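Structural features, examined
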Amino acid sequence: MKPIIERHDTDILILGTGGAGLFAALHAQKAAPNQRVTIAVKGLIGKCGCTRMVQGGYNVALNPQDSVERHFMDTIIGGKWLPDQDMAWRLVSTAVTRIHELENEIGCFFDRNPNGTLHQKAFAGQTFDRTAHKGDLTGIEIIGRLMEQVLSRPVEKLQEHRAIGLIPSQDGSALAGVLFIDMRRGTFRLVRAKTVLMATGGGPTMYKYHTPSGDKTMDGLSMALRRGLALRDMEMVQFHPTGLLAGDETKMTGTVLEEGLRGAGGYLLNGDNKRFMFDYDNEGERATRDIVSRAIYEEMRQKRTSPYGGVYISMSHLGPEVVAKKFQGMVKRCADSGFDLASGLVEVVPTAHYLMGGIVVDVDTRTSLPGLYVAGEDAGGAHGSNRLGGNGVANSTVYGGIAGDVMGVDATKMNALHDVDETVLDEELARAIAPLSAKPGNIQDLRNRLMNVMWDDVGVMRDASGIKRGIERIAALKLEMETVGVASNNLAFNLSWHDWLNLQSLIHTSEVIAKAGLSRENSRGAHFREDFPDAGPMDQSYFTVATDGYSGIEVSREAVKFTIVKPGESLLGADEAETLVGAAQ
């Protein structure tokens, strides 16, 4: 029997309640006060998503000795000349406005210097100390205050509503709405809207070691692929160098020990207690995340490891009291897993942290499907092949606000909602209920195997033979998954069902990551091919574009447009220092 689908209408629909989604809701409500605004989230508002987990901080050029131009150049060079330069410029320039909005309108309190200015700390890959923060719990501060603002406004909230399909209009000319599962009741709900923001977050949890929570499974990107949208830079999976390594029996393994530890002067030591980073890069521990992750991975391959198989981070030389004061959250996190960060050694491992790739968008967050907008980690382009630590939460809040403004204006201009394509609606419904009629099986075993495949074959260091092996193993898991079902006697909070849907999204996007990685036959940023170790000519830079059609996943290439600055050029004056790290102290 076909399940009943409840029908609901709104004007502006926002998927996700991280930094991008909550900022979009506030801006949309302000830009279009007469339009209905609805936010929907897989979990609970303010209690889920990746922005809440941000520790390090928010990159913004505020110091008179710093500049937006310097921040832009750091972003472009850090991204190895692959970022969409117009998006990167919009990011760094609007971040200045957004940080003041966070403080003066949203109510965030960030750490300050004795003279009252914002304290900005050092982060790797940047030529100025520009990372504003709230201790090492910046994300909780931002999300907590955004949540308070959203909850106080006339915004409709659909909590524990899982988006499972983008539904186009009858003529296919635009997006008409989104199909959800109401997780609390196990029922289906179709929400039509004039404009829809995808801000579901990326979350590369298909890797053995990963930082996001396990329910972050790239659902948004999988939905976009099924609707024919193009994804760019999908091979660019960022591994944070210092994920906590505390054994397989704890969920704390993989969680981030923030960038600021290395920025403050922390050392990385191998299993022989030897400081090794200067063997790989002149910047040592302050090299960009991709370089540090590869260095750690190589130490692991050479068996120079800690007891759990990683390396150590050491902070004690900075003074235990100093470390305990500056990094209270990190000290507590390590203590919970049996480590003493302030005066001892803590085991760490590269951990899948962020996806630079995402849906192709313009600087106003619009996509090729009218009515669909994308902000935050779901959107590709701003970071290129490597995201600077501190640019992530800036990206989410900057583009979330832009999306809200643009959607508000666009929704106001539209007179009526679209009728939905009932055929596509039925297809998405059938896809979601497919496991309910199959024999229940071990979904977690399949997911564990996928995580090992991606870590071993499409991980920190790659080559053609490994990636091809990974693609074959992913395909086998995809076929096997079709035979595995879940119990269907009670669909309310049926977590096995949602585990199945999570895994389907992960397998889908894992195939794209692997095929994009095979297509890129050079090494840029987070993507390193041992069989193609050269970066290639910067002035001939390209980005990969992946689509899912009748022939399956296909990957093509498009040339990077150097709209603001070309390789070999700079926006900095000839008299400006190459780096000003520490200049503000």
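Preceding block: the structure.
The notes below deal with the structure included here. This one's a predicted model, so the numbers in the text were calculated from it and none came from an experiment. (Residues numbered from 1 in each chain as written. Predicted model: local features only at pLDDT ≥ 70, side-chain atom pairs only at ≥ 80, totals over all residues. Heavy atoms only, no water.)

Re the overall build of the protein
Within the protein one finds 14 helices and 20 strands. Rg of the C-alpha trace for the protein: 23 Å, near the compact-globule value of 25 Å for 585 residues, within the 12% margin. Along the first, second and third principal axes, the C-alpha set of the protein runs to 65 × 50 × 45 Å. In the protein, buried positions account for 61% of the 585 residues. In the form shown here, the protein has an accessible surface area of approximately 21,700 Å², with 51% of it arising from carbon and sulfur atoms. (Helix = DSSP H or I, 4+ residues; strand = E, 2+ residues; numbered from the N terminus. Rg over C-alpha atoms; globule rule 2.2 N^0.38 Å. Buried < 20%, exposed > 50% of the residue type's maximum accessible area, 1.4 Å probe, protein only. Areas by Shrake-Rupley, 256 points an atom, 1.4 Å probe, with all protein chains shown as cover.)

Describing helix α3 (residues 85-106)
Along α3, the sharpest kink reaches roughly 40°, centred on Ala 95. Sitting at the head of α3, Asp 84 places a side-chain oxygen 3.1 Å from the backbone nitrogen of Asp 86. Within two residues after α3, Gly 107 carries a phi angle of roughly 100°, on the positive side. (Bend = angle between axes of the 7 residues up to and from the residue. Polar contact = N/O pair within 3.5 Å; in protein donor to acceptor, adjacent residues only side chain to side chain.)

Let's talk about helix α12 (residues 443-457)
When the terminal C-alpha atoms of α12 are compared, their 21 Å separation across 15 residues agrees well with the 21 Å that a helix rising 1.5 Å per residue should span. Among all positions of α12, only Ile 443, Leu 446, Arg 447, Leu 450, Met 451, Val 453, Met 454, Trp 455 and Asp 457 are buried. In this structure, the buried residues of α12 make contact with β13 (237-244), α7 (289-301), β16 (345-355), α13 (464-481) and α14 (495-519). Two to three positions downstream of the cap, the backbone nitrogen of Gln 444 sits 3.3 Å from a side-chain oxygen, assigning the N-cap of α12 to Asn 442. (Expected span 1.5 Å × (residues − 1). Contact = heavy atoms within 4.5 Å.)

Remarks on the sheet that holds strand β20 (residues 552-559)
Sheet architecture is open: 4 strands sit in the order β17-β12-β19-β20, paired in antiparallel fashion. Across the chains shown, the open sheet's two edge strands, defined by having one partner strand only, are β17 (358-359) and β20. Judged from the 2 bridges that link them, strand β12 (residues 231-232) and β17 form a sheet pairing that is antiparallel. Directly across from Leu 231, in β17, lies its bridge partner Ile 359. The strands that α14 touches are β19 (542-549) and β20; relative to β20, the one it contacts most, it runs at about 45°. (Pairing = 2+ DSSP bridges. Axes fitted to C-alpha atoms, helices over the stretch in contact; angles between N-to-C directions.)

Side note on the environment of Phe 278
As for its position among the elements, Phe 278 is in the loop between β14 (267-269) and α7. For Phe 278 and Ala 295, which are 17 residues apart along the polypeptide, the C-alpha to C-alpha distance reads 9.7 Å. Among all residues touching Phe 278, those that are not within four sequence positions of it are Glu 283, Gly 284 and Glu 285.

A word on the packing of aromatic side chains
By the definition in use, this model includes 8 aromatic pairs. Ring geometry for Tyr 207 against Phe 239: centres 5.1 Å apart, planes inclined by 80°, an arrangement best described as edge-to-face. Residue Tyr 207 is found in the loop between β11 (195-198) and α5 (219-226), and its partner Phe 239 is found in strand β13; the two are separated by 32 residues along the sequence. When its relative accessible area of 4% is taken as the criterion, Phe 239 is described as buried. Judged by centre distance (6.2 Å) and plane angle (90°), the rings of Phe 276 and Tyr 280 are edge-to-face. Classification of Phe 276 as buried rests on a relative accessible area of 0%. Among the aromatic residues, those joined into a cluster by ring pairs are Tyr 207, Tyr 209, Phe 239, Tyr 297 and Trp 455. (Phe/Tyr/Trp six-rings, centres within 6.5 Å; stacked < 30°, edge-to-face > 60°.)

Some remarks on unusual backbone geometry
Of note in this structure, Lys 303 is not a glycine but carries a positive phi near 65°. Inspection of the secondary structure puts Lys 303 in the loop between α7 and β15 (311-314). Using a relative accessible area of 70% as the deciding quantity, one classes Lys 303 as exposed.

Considering the sheet that holds strand β6 (residues 131-132)
Taken in spatial order, the 3 strands of this open sheet run β4-β6-β5, and their pairing is antiparallel. Edge strands, defined here as strands with exactly one partner in the open sheet, are β4 (58-59) and β5 (120-121). Strand direction decides the pairing type here: β4 and β6, joined by 2 bridges, are antiparallel. Across the sheet, residue Tyr 58 finds its bridge partner in β6, namely Ala 132.

Quick notes on the environment of Leu 245
Among the structural elements, Leu 245 can be located in the loop between β13 and α6 (260-263). Taking relative accessible area as the criterion, Leu 245 reaches 2% and is therefore assigned buried. Considering only alpha carbons, one finds Leu 245 and Thr 255, 10 residues apart in sequence, at a separation of 8.2 Å. Leaving out residues up to four positions away in the same chain, Leu 245 has contacts with Tyr 209, Thr 253, Tyr 308, Gly 309, Gly 310, Phe 339, Glu 347, Val 348 and Val 349.

Describing the pairing of strand β10 (residues 187-192)
Within β10, 5 of the 6 residues are buried, which leaves it mostly tucked inside the rest of the structure. Pairing between strand β1 (residues 5-9) and β10: 5 bridges, direction parallel. In the strand pairing of β10, His 8 is matched with Val 191. Strand direction decides the pairing type here: strand β9 (residues 175-182) and β10, joined by 6 bridges, are antiparallel. In the strand pairing of β10, Phe 180 is matched with Arg 189. Hairpin remark: β9 followed by β10, antiparallel, with 4 residues in the connecting loop; positive phi at Gly 186, about 75°.

Things to note about the pattern of salt bridges
The final tally for this structure, using the stated rule, is 45 salt bridges. A salt bridge links Arg 232 to Asp 233; the nearest nitrogen and oxygen atoms lie 2.7 Å apart. Exposure class is identical for Arg 232 and Asp 233. Each is buried. The closest approach of N and O atoms between Asp 279 and Lys 274, which form a salt bridge, is 2.6 Å. (Salt bridge = Lys/Arg side-chain N within 4 Å of Asp/Glu carboxyl O.)

Description of the state of the cysteines
Taken as a whole, this structure holds 0 disulfides when the rule is applied. For Cys 48, which is in no disulfide, the shortest distance to another cysteine sulfur is to Cys 50 and amounts to 9.5 Å. (Disulfide = S-S within 2.5 Å.)

So, the packing of α12 against α14
A pair of packed helices is characterised by two quantities: the angle between their axes and the separation of those axes. The contact between α12 and α14 brings their axes to 10 Å, and the two run at 20°. Compared by their axis directions, α12 and α14 come out roughly parallel. Crossing hand, α12 versus α14: left-handed. Contact with α12, carried on its side by Ile 443, Leu 446, Arg 447, Leu 450 and Met 454, involves Ser 496, Asp 499, Trp 500, Asn 502, Leu 503, Leu 506, Ile 507, Ser 510 and Ile 513 of α14 and no other residues of that element. (Parallel < 35°, antiparallel > 145°, perpendicular 65-115°, else oblique. Left-handed = near helix turned anticlockwise from the far one by under 90°.)

Comments concerning the pairing of β9
Most of β9 is tucked away: 8 of the 8 residues are buried. Where strand β8 (residues 161-168) lies against β9, 7 bridges are found, and the strand directions are antiparallel. Across the sheet, Leu 166 pairs through a bridge with Val 178, a residue of β9. What sits between β8 and β9 in their antiparallel hairpin is a turn of 6 residues, with Gly 172 showing a positive phi close to 75°.

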